[in-house]
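Here are the chains, one letter per residue:
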Amino acid sequence: MQLIGKRIVVVGASRGIGAAVLRAFVREGARVVAMDVAAADDEQVTPSSGPGEVHFVRCDVTDRESVTTAFATAGEELGGLDVLVHTPGVDLIAAAHEIDDELWDRTMNVNVRGTMLTNQAAYHAMRGTGGAIVNFGSDSGIHPSLRSAAYSTSKAAVHNWTRAVAMEWGPLGIRVNAVLPVVWTPLARERLAQMSDADRTEYLESVRRRIPLGGEPGDADLDIAPVVVFLASDSARYMTGQLVPVNGGYGMVR
């Protein structure tokens, strides 16, 4: 049990990587406030999942007032904050010359503004005690993806935000790292569904060629959640400002 007694907020906990991380934290004994813009699904985590506790709070990461209110509720529920895991993201497909204001603003508001707002809220909760923040970047933020210029740009921003605040907040004992996953998630499958048949075939073939470990994206529960547990734990006490790729070798980050 690596997280017994840890007070944790998981944002984007209703599905995909966020739900997998939430399940892992409960198994590891953490006390968790699970946030999402969607309605809470209490069946995601059952009492048999582990010794941890979960409380669900609605939060729209693009709205500062919603984030402030949700984190105030989390602070009351938990009595403080040790760890934030921020997972929400959107990947809206369009050729660069076809990107309109609505697509661009939606991508930047969820992926970049959302990361900033929740990280700031965590900072205010942690600045007297220290803690850990885990953001989610992407290999696309280093090696841009086909027809995904807005997403790639947003994730590059998340990477640089993570490094910048790691430097600023490190003296306060706040660690900030980012995980770069390549796994099957609802978002990944939605991205595939937006592609033409030709683009989908090209993309999947490129993934098979670029992943040395099996040629397929990984699993959120088996491959991502254990890494996030480590980054949230005291075992990662001397890690900050790092981009941590969990991608089967799809992209090798220096």
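Identification of the chain as SDR family oxidoreductase from Pseudonocardia oceani is taken from an unreviewed UniProt entry. Looking at the Sequence similarities (unreviewed entry) heading of the UniProt record, one finds this comment for the chain: "Belongs to the short-chain dehydrogenases/reductases (SDR) family."

A. Structural detail: a negative patch on the surface. Residues Asp100, Asp101, Glu102 and Asp105 make up a contiguous surface patch of negative charge. Taking the relative accessible area as the measure of exposure, Asp101 reaches 64% and is therefore exposed.

B. Region of interest: the nonpolar core. Judged by nonpolar contacts, the single largest core of 32 residues is most densely connected at Ile8, Val10, Phe25, Val85, Phe136 and Val228. Looking at this core, the elements that each hand over two or more residues are strand E1 (7-11), helix H1 (16-27), strand E2 (31-36), strand E4 (83-86), strand E5 (131-136), helix H7 (220-232) and strand E7 (243-246). The residues contacting Phe136, other than those within four sequence positions of it, are Ile17, Val85, His86, Thr87, Lys155, Val158, Val179, Pro181, Ile224 and Val228.

C. Examining the sheet that holds E1 more closely. Here we have seven strands laid out as an open sheet, ordered E3-E2-E1-E4-E5-E6-E7, and parallel in their pairing. Only two strands of the sheet have a single neighbouring strand rather than two, namely strand E3 (53-58) and E7. In this sheet, adjacent strand axes meet at a mean angle of 20° when their direction is disregarded. Of the strand pairs in this sheet, E1 and E4 are connected by four bridges, and their pairing is parallel. When the bridges of E4 are listed, Val9 appears paired with Leu84.

Each value, and the rule that gives it
Residues numbered from 1 in each chain as written. Predicted model: local features only at pLDDT ≥ 70, side-chain atom pairs only at ≥ 80, totals over all residues. Heavy atoms only, no water. UniProt positions renumbered as here; feature names shortened; annotations may be inferred. Patch = residues over 30% accessible without salt bridge, like charges linked within 9 Å, V, L, I, M, F, W, Y side chains within 5 Å. Areas by Shrake-Rupley, 256 points an atom, 1.4 Å probe, with all protein chains shown as cover. Salt bridge = Lys/Arg side-chain N within 4 Å of Asp/Glu carboxyl O. Lys, Arg positive; Asp, Glu negative; His and termini not counted. Charge placed at Lys NZ, Arg CZ, Asp CG, Glu CD. Buried < 20%, exposed > 50% of the residue type's maximum accessible area, 1.4 Å probe, protein only. Core = buried A, V, L, I, M, F, W, Y, C linked by side-chain atoms within 4.5 Å. Helix = DSSP H or I, 4+ residues; strand = E, 2+ residues; numbered from the N terminus. Contact = heavy atoms within 4.5 Å. Pairing = 2+ DSSP bridges. Axes fitted to C-alpha atoms, helices over the stretch in contact; angles between N-to-C directions.

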